[in-house]
Amino acid sequence: MKISVIGCGYLGAVHAACMAELGHEVVGIDVDEAKIASLSAGRAPFFEPGLSELVERALASGRLRFSTDLAQARGAAVHFVAVGTPQSHDSDSADLRYVDAAFEAIAEHLAPGDLVVGKSTVPVGTAERLAPGIEAAGARLAWNPEFLREGFAVQDTLAPDRLVYGVRHGDEGSVAALDAVYGAAIEAGTPRIVTDFATAELVKVAANAFLATKISFINAMAEVAEATGADVTQLADAIGYDARIGRRFLNAGVGFGGGCLPKDIRGFMARADELGVGEALEFLRDVDAINLRRRQRVVDLVADAVGGDLSGVRVAVLGLAFKPDSDDVRDSPALDVASRLRALGADVRATDPEAIETSRRVNPDLTFVVELDDAVRDADVVVLVTEWRRYRELTPDDLAPLVARRVIIDGRNVLDPQTWRAAGWNYRGLGRP
Ligand code: UGA
């Protein structure tokens with residue numbers, strides 16, 4: 001099929017490359033010239049495992065091209081809109097300016113019978129509001145939320161665990177077109193839910209709200225564990241064996257961040273308020289608050305370990321990305337912890353395998369070092385806040401010759417306390433003795 005993808009950020013760039021990989025003829029469009037230049041040269045503009053290789057292969061096949069000119073979308077039968085919906089600067093609501101601009105612009109280039117597919121995460125009611133502009137051009141609208149995880153974006157897009165199509169009642173044409181786009185996944189037996197616009201929009205934010213709630217639930221248990229001497233990691237294992245609960249997303253630690261979970265729960269609450277059902281989502285305020293408290297908890301543990309005063313204390317911060325295998329620092333707990341420590345006077349040396357440049361753009365005042373050894377050399381405290389594999393695999397012997405004092409705060413509960421303590425370290429995790 002001929003496909004256009006409007007917006008080539010995390011979502012759109014991956015979607016465009018994967019659609020080409022599946023055999024479609026794809027044009028990816030973005031207003032950001034640097035991004036388009038990078039993608040056209042076969043380089044992903046951000047770190048995502050496997051994406052550059054995929055883009056390169058798709059470009060070589062002739063099935064993928066990129067452009068800043070929206071007119072290049074003409075001739076495509078399906079137009080995906082994958083632009084960002086960040087949190088507004090002055091409120092908790094989603095900022096829809098990019099979505100609105102993209103829809104207004106694409107309407108100029110549609111041919112009768114085209115299908116426009118919204119992929120961006122939007123407040124419920126957005127598709128209904130945007131549909132008339134598309135339908136006036138004789139085209140149709142569908143909402144098809146995306147569930148990919150950064151770090152696994154390629155595999156999640158090529159082999160999604162479910163497909164959700166929000167369409168007008170009885171719009172078989174749109175369903176058939178989306179089935180043709182996702183033919184490979186459909187043939188592989190991927191569950192597919194055909195529903196209305198509102199449900200499709202809600203599925204997306206409900207999924208992220210549930211995941212955020214699961215993480216904050218276990219972090220709330222960590223707080224209780226800290227007051228009682230219990231071990232939240234064992235608690236998570238034990239409740240996780242109950243198939244109704246499940247062990248995934250029950251890792252207590254410094255909490256969730258990124259470009260999705262935090263802003264999506266806030267946007268969801270703001271939308272519920274507008275709809276007069278704010279009370280229904282009031283619990284998400286606690287989810288957000290519990291999450292933010294964990295960042296301060298890590299800072300407090302560092303302060304405790306040195307007797308309270310952080311001024312001049314050398315702290316090595318391992319990790320800046322909001323999670324491993326990503327260079328994304330949007331709302332990153334790790335970067336936040338590093339910034340808070342610095343604000344309290346600590347002499348912070350922060351490192352990350354991929355996220356130094358992205359961090360520097362947000363917080364140029366922090367001291368970043370590329371090599372792990374340079375970060376931990378002469379450190380009074382080592383803080384692990386993003387669980388990159390290389391940090392998970394650290395041993396006490398790796399660090400002991402470098403540090404000034406053997407103190408490690410494990411903000412992700414990924415190190416073995418016994419091993420570190422046996423080697424003479426003061427080990428502190430979150431919610432574990
Ligand atoms: C999330 C969802 O998982 C995706 O399904 C969704 O498509 C995406 O948002 C989106 O809306 O675009 P992502 O932001 O890539 O994906 O990150 P997650 O893997 O969900 O992790 C979010 C945060 O939770 C990270 O900071 C991670 O460290 C933290 N986390 C995760 C925990 O603290 N504990 C856990 O047990 C799991």
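So, here's what we can say about the structure. Keep in mind the model is a prediction, meaning the values are calculated, not measured. (Residues numbered from 1 in each chain as written. Predicted model: local features only at pLDDT ≥ 70, side-chain atom pairs only at ≥ 80, totals over all residues. Heavy atoms only, no water.)

**So, empty space enclosed by the protein**
Right, on to step 1. A full pass over the atoms with the stated rule returns 1 cavity of 30 Å³ or more.
Right, on to step 2. Within this model, the largest cavity holds a volume of roughly 150 Å³.
Right, on to step 3. Residue lining of the largest cavity: 17 residues in total, with Val-122, Pro-123, Val-205, Gly-267 and Phe-268 positioned closest to the centre.
Right, on to step 4. Contributing elements (two or more residues each) for the lining of the largest cavity: helix H9 (197-228) and helix H11 (261-274).
Right, on to step 5. A total of 5 residues in the lining of the largest cavity trace back to one element, the largest contributor, which is H11.
Right, on to step 6. Of the residues belonging to the lining of the largest cavity, the class tally is 7 nonpolar, 5 polar and 5 charged. (1 Å grid on protein atoms, 1.4 Å probe; cavity = no way out; pocket = protein on both sides within 12 Å on 5 of 7 lines; lining within 4 Å. Points joined across faces, edges and corners; volume = space filled by probe spheres on them. Helix = DSSP H or I, 4+ residues; strand = E, 2+ residues; numbered from the N terminus. Nonpolar A, V, L, I, M, F, W, Y, C, P; charged D, E, K, R; others polar.)

**Considerations on the pairing of strand S5 (residues 115-118)**
Right, on to step 1. Of the two faces of S5, the one holding Leu-115 and Val-117 and the one holding Val-116 and Gly-118 are both buried throughout.
Right, on to step 2. With helix H5 (residues 126-135) bridging S5 and its parallel neighbour strand S6 (residues 140-143), the resulting β-α-β unit is right-handed. (Buried < 20%, exposed > 50% of the residue type's maximum accessible area, 1.4 Å probe, protein only. Right-handed = clockwise from strand over helix to strand, strands pointing away.)

**Brief notes about the packing of helix H1 (residues 10-21) against helix H3 (residues 51-61)**
Right, on to step 1. At a minimum axis separation of 9 Å, H1 and H3 run at an interaxial angle of 50°. Between H1 and H3, the crossing angle belongs to the class labelled oblique. Note that H1 runs across H3; the crossing there is left-handed. Note on element contacts: H3 touches H1 through Leu-51, Leu-54, Val-55, Arg-57 and Ala-58, opposite Ala-13, Val-14, Ala-17, Cys-18, Ala-20 and Glu-21.
Right, on to step 2. Broken down by class, the residue content of the contact of H1 with H3 amounts to 9 nonpolar, no polar and 2 charged. (Axes fitted to C-alpha atoms, helices over the stretch in contact; angles between N-to-C directions. Parallel < 35°, antiparallel > 145°, perpendicular 65-115°, else oblique. Left-handed = near helix turned anticlockwise from the far one by under 90°. Contact = heavy atoms within 4.5 Å.)

**With respect to helix H4 (residues 97-107)**
Right, on to step 1. Those residues of H4 that fall on the buried side of the exposure criterion are Val-99, Ala-102, Phe-103 and Ile-106. Each buried residue of H4 sits inside an arc of 95° when the element is viewed along its axis, so together they form one side.
Right, on to step 2. Looking at the buried positions of H4, the neighbouring elements they touch are strand S1 (2-6), strand S4 (78-81), S5, H5 and S6. (Arc of directions from axis to C-beta.)

**Thoughts on the environment of Ala-236**
Right, on to step 1. Tracing the backbone through its elements, the reader meets Ala-236 in helix H10 (residues 232-240).
Right, on to step 2. Taking C-alpha positions, Ala-236 is 7.4 Å from Asn-251, a pair spaced 15 residues apart along the chain.
Right, on to step 3. Ala-236 has contacts with Ile-218, Arg-247 and Leu-250, leaving out every residue within four places of it along the chain.

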